[in-house]
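Structural overview
Residues per chain, in single letters:
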Amino acid sequence: LPLYGIPFAIKDNIDLAGHPTTAACREYSYVAQQTAAAVQTLLDAGAMVIGKTNLDQFATGLVGTRSPYGACANTFDARYISGGSSSGSAVAVAASLVSFSLGTDTAGSGRIPAGFNNLIGLKPTRGLVSTRGVVPACRSLDCVSIFALTAEDAHAVFDVMARFDAQDPYSREERRVGGAFSFEGCRVGVPRTAQLEFFGNREYEKLFHAALEKLERLGAKRVTIDFAPFLAAAKLLYEGPWVAERYVAIREFLEKNAQALHPVTREIISGGAKPRAAEAFAAQYRLQALLREAEPVWQAVDVLVAPTAGTIYTLAQLEADPIRLNSNLGVYTNFVNLMDLSAIAVPAGFTPDKLPFGITLLAPAFQDRALCALAQQAQRALVATMGARHQPLPPAAPSVARPNGKIKLAVCGAHMSGLPLNPQLTERGARLLRSTRTTPNYRLYALEGFSPPRPGMIRAAEGAAIEVEVWELAPEGFGTFVDGIPAPLGIGTVELEGGDEVKGFLCEAYATRGAQDVSHLGGWRAYLKTKGERR
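In this text the structure is predicted, and so the values were computed from the model without any measurement.

Comments concerning the overall build of the chain
A tally of helices and strands in the chain yields 16 helices and 22 strands. The principal-axis extents of the C-alpha atoms in the chain amount to approximately 80 × 50 × 50 Å. Expressed as a percentage of the 535 residues in the chain, the buried residues total 57%. In the chain, of all internal contacts separated by at least 6 residues, the share reaching a separation of at least 24 is 74%. Here the chain has roughly 21600 Å² of accessible surface; of this, 51% comes from carbon and sulfur atoms. Positive and negative side-chain charges of the chain, numbering 53 and 51 respectively, have mean locations separated by a distance of 1 Å.

See the structure below:
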């Protein structure tokens, strides 16, 4: 019972058996027959549900004001918004009513309220936490998120909830893919200055640059990146056909009870009835192109850092211009689930008016534990208190998440997927991480005397980029694997495009004399194709 006796709250679009689920709409309310899978894992771990929390109706909004139960006020200044849609969940933790809470996050609902209330907001990789028993917003994008006072607490809750759920068609097994667990030497991507938008909030702008300087003191290496693909993807969420998913989620209810919805919520969700199938496919193609455009960024950096929000608004400002100002809040959040990223919002300081500011750390899917470790370091470097009660942060504990201890291995020949010697990896529990290429400093030769055929790769001053697969396996498996490698092959250090260095196959130079140089083909699979061989 790792969470024995710890009180928590859940957003009221998440089911708790025997209790109403309203999604902040009285007419929609129903009494849940089963507890949501994510909540049940916490109950089974000993945690105690204290209550359910207010939200932007049907989880549509980043503001915390679109609810018949009233707007949740910011815990630092009641004139300002709390952020949404998981407004009540954030306020409950910031006000110390509970130790942690659950929200949901489709477009930033688990991060914006964290940034506005001096909290950690963990948005896990899509599918790592089951969404069975959650009223869907965009079902293909929805995540159950965690609000906590510290990164350690968020990781402890995530560690319990990250379970594969065979009854949830969007559930995914966790993959341990490594990642940066410390800012020491971490390549931190930062958008170009011209791509940063603070909507006239000079204090937030100052706090963001101050936070970057503090991360550099922890050892981070700042890398300026092109943020354009991410900004373009963010616009797809509400300006593209994904709003149709929100419409599909409550279509039957909306068609019969349109007047039951908050006017702004009704306007947004009703727009989802308009996109055609052709537009949906066009948007999917556009998103895929943007994902490809973003790939060089992830080769150059380990983590991205952005403001959680570029500014904060008063309740009065939001009421006067609800849709445009809400859109402004999503600039740094709307793209994350579309692009299948992991994210964690971290407190990063206060304005002279004592309003919280936050940054968000972003990484590719399945790097949630690494982000928790980075957030643990960042939180203590950037702020001294947690939540809204001015409680001092506890002393730093050992890192909340450790690298999984596995070794990355680049293979360039018969050990690649589908080729004859690949079982030597899979039988040792190895996992394929990615396909990539080396830097253009290698030559590849078809060696003589091997059955099945095998290549030899050597480093050369004038070379080519060679196709490789990067696998990951435990040290003991790596040891027995290396023990079986015959001469003239061996394991050395291979440099990949983007600058990463991993262990990989290399060949003693003497064995390549007289062997066919196939470097111009770019890889072993291409060579086999020329020979008419599948394997």
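So that's the structure; there's more coming.
Some details on the packing of helix α1 (residues 37-44) against helix α4 (residues 151-161)
Remark: α1 packs on α4, axes separated minimally by 9 Å, with the N-to-C direction vectors making an angle of 105 degrees. Classified by the angle their axes make, α1 and α4 are roughly perpendicular. Every residue of α4 that contacts α1 at A38, T41 and L42 is listed here: V157, V160 and M161. For the contact of α1 with α4, the class distribution of residues is five nonpolar, one polar and no charged.

A word on the state of the cysteines
Overall, the coordinates contain zero disulfides when judged by the stated rule. Cysteine C143 is unpaired, with the sulfur of C138 as its nearest cysteine sulfur at 11 Å. The exposure class of C143 is buried, given its relative accessible area of 3%. Among the cysteines around C372, which has no disulfide bond, C143 carries the closest sulfur, lying 14 Å off. Exposure remark for C372: the relative accessible area of 0% places this residue in the buried category.

Here we look at unusual backbone geometry
In this model, G84 is joined to S85 through a cis peptide bond whose omega is 0 degrees. Looking at where S85 falls in the secondary structure, it is placed in the loop between β4 (48-53) and α2 (87-94). Despite not being glycine, A24 shows a phi value in the positive range, around 60 degrees. With respect to the element layout, A24 can be found in the loop between β2 (20-21) and β3 (30-31). By relative accessible area, which is 0% here, A24 ends up buried.

Thoughts on the packing of α4 against helix α13 (residues 368-382)
Where α4 meets α13, the axes come as close as 8 Å, and the angle between the chain directions of the two elements is 165 degrees. If you check the angle between α4 and α13, you find them roughly antiparallel. The chirality of how α4 crosses α13 is left-handed. Contacts from A151, E152, H155, F158 and D159 of α4 reach α13 at D368, R369, C372, A375, Q376, Q379 and R380. Each residue belonging to the contact of α4 with α13 can be placed in one class, and the counts come to four nonpolar, three polar and five charged.

Focus: the sheet that holds strand β19 (residues 467-473)
Spatially, β16-β19-β15-β21-β20 is the arrangement adopted by the five strands of the open sheet, whose pairing is mixed. On the outer flanks of this sheet lie β16 (431-437) and β20 (489-495), each paired with one strand and no other. Averaged over all pairs of adjacent strands, the angle between their axes in this sheet comes to 35 degrees, without regard to strand direction. Inspection of the sheet shows β20 paired to strand β21 (residues 501-507) by seven bridges, in the antiparallel sense. In the sheet register, L489 faces β21, and the bridge partner there is C507. Sitting on the sheet, helix α15 (residues 475-483) is in contact with β15 (407-411), β19, β20 and β21, with an inclination near 35 degrees to β15.

Points about the pattern of salt bridges
Close approach of charged atoms allows side chains with opposite charge to pair. Evaluated as defined, the whole model comprises 24 salt bridges. Here D340 and R172 are joined by a salt bridge, their closest N and O atoms 3.0 Å apart. With a gap of 168 residues between them, D340 in the loop between α12 (335-338) and β11 (341-350) and R172 in the loop between α4 and β8 (187-191) connect regions that are remote in the sequence. For D340, a relative accessible area of 19% translates into the label buried. Between D500 and R187 there is a salt bridge, and its shortest N-O distance comes to 3.5 Å. Pair noted here: D500 is in the loop between β20 and β21 and R187 is in strand β8, with a separation of 313 residues, a long-range link. Ionic contacts of the salt-bridge type, sharing partners, join the residues R187, D302, R434 and D500 into one network.

Points about the packing of aromatic side chains
Here the distance between the centres and the angle between the planes together describe a pair of aromatic rings. One pass over the structure, following the stated rule, counts 16 aromatic pairs. Consider the rings of Y28 and F58, whose centres lie 5.0 Å apart with planes at 80 degrees: the pair is edge-to-face. On the criterion of sequence distance, the pair formed by Y28 in the loop between β2 and β3 and F58 in the loop between β4 and α2 is long-range, its members being 30 residues apart. We classify F58 as buried; its relative accessible area is 5%. Considering the side-chain rings of F227 and F335, the 5.6 Å spacing of their centres and the 90 degrees angle between planes classify their relative orientation as edge-to-face. Here the residue F227 occupies a position in the loop between β9 (221-225) and α6 (228-239), and F335 occupies one in helix α12, the gap between them amounting to 108 residues.

Focus: α13
Its 15 residues place the ends of α13 20 Å apart at the C-alpha level, agreeing with the 21 Å of an ideal helix rising 1.5 Å per residue. Of all the residues in α13, the buried ones are D368, R369, A370, L371, C372, A373, L374, A375, Q376, A378, Q379 and L382. Contacts made by the buried residues of α13 are with β6 (120-123), α4, α5 (202-217), β10 (303-307), β11 and β12 (356-364).

Concerning the nonpolar core
L42, L102, F230, F335, I359 and L361 are the most contacted members of the largest nonpolar core, which has 139 residues in total. Residues contacting L102, with those up to four places away along its chain left out, are A9, I10, K11, I14, V39, L42, S89, V144, S145, I146 and M161. Of all hydrophobic cores here, the second largest spans 15 residues; its members include A9, L119, F147 and L149.

Definitions and cut-offs
Residues numbered from 1 in each chain as written. Predicted model: local features only at pLDDT ≥ 70, side-chain atom pairs only at ≥ 80, totals over all residues. Heavy atoms only, no water. Helix = DSSP H or I, 4+ residues; strand = E, 2+ residues; numbered from the N terminus. Buried < 20%, exposed > 50% of the residue type's maximum accessible area, 1.4 Å probe, protein only. Contact = heavy atoms within 4.5 Å. Areas by Shrake-Rupley, 256 points an atom, 1.4 Å probe, with all protein chains shown as cover. Lys, Arg positive; Asp, Glu negative; His and termini not counted. Charge placed at Lys NZ, Arg CZ, Asp CG, Glu CD. Axes fitted to C-alpha atoms, helices over the stretch in contact; angles between N-to-C directions. Parallel < 35°, antiparallel > 145°, perpendicular 65-115°, else oblique. Nonpolar A, V, L, I, M, F, W, Y, C, P; charged D, E, K, R; others polar. Disulfide = S-S within 2.5 Å. Left-handed = near helix turned anticlockwise from the far one by under 90°. Pairing = 2+ DSSP bridges. Salt bridge = Lys/Arg side-chain N within 4 Å of Asp/Glu carboxyl O. Phe/Tyr/Trp six-rings, centres within 6.5 Å; stacked < 30°, edge-to-face > 60°. Expected span 1.5 Å × (residues − 1). Core = buried A, V, L, I, M, F, W, Y, C linked by side-chain atoms within 4.5 Å.

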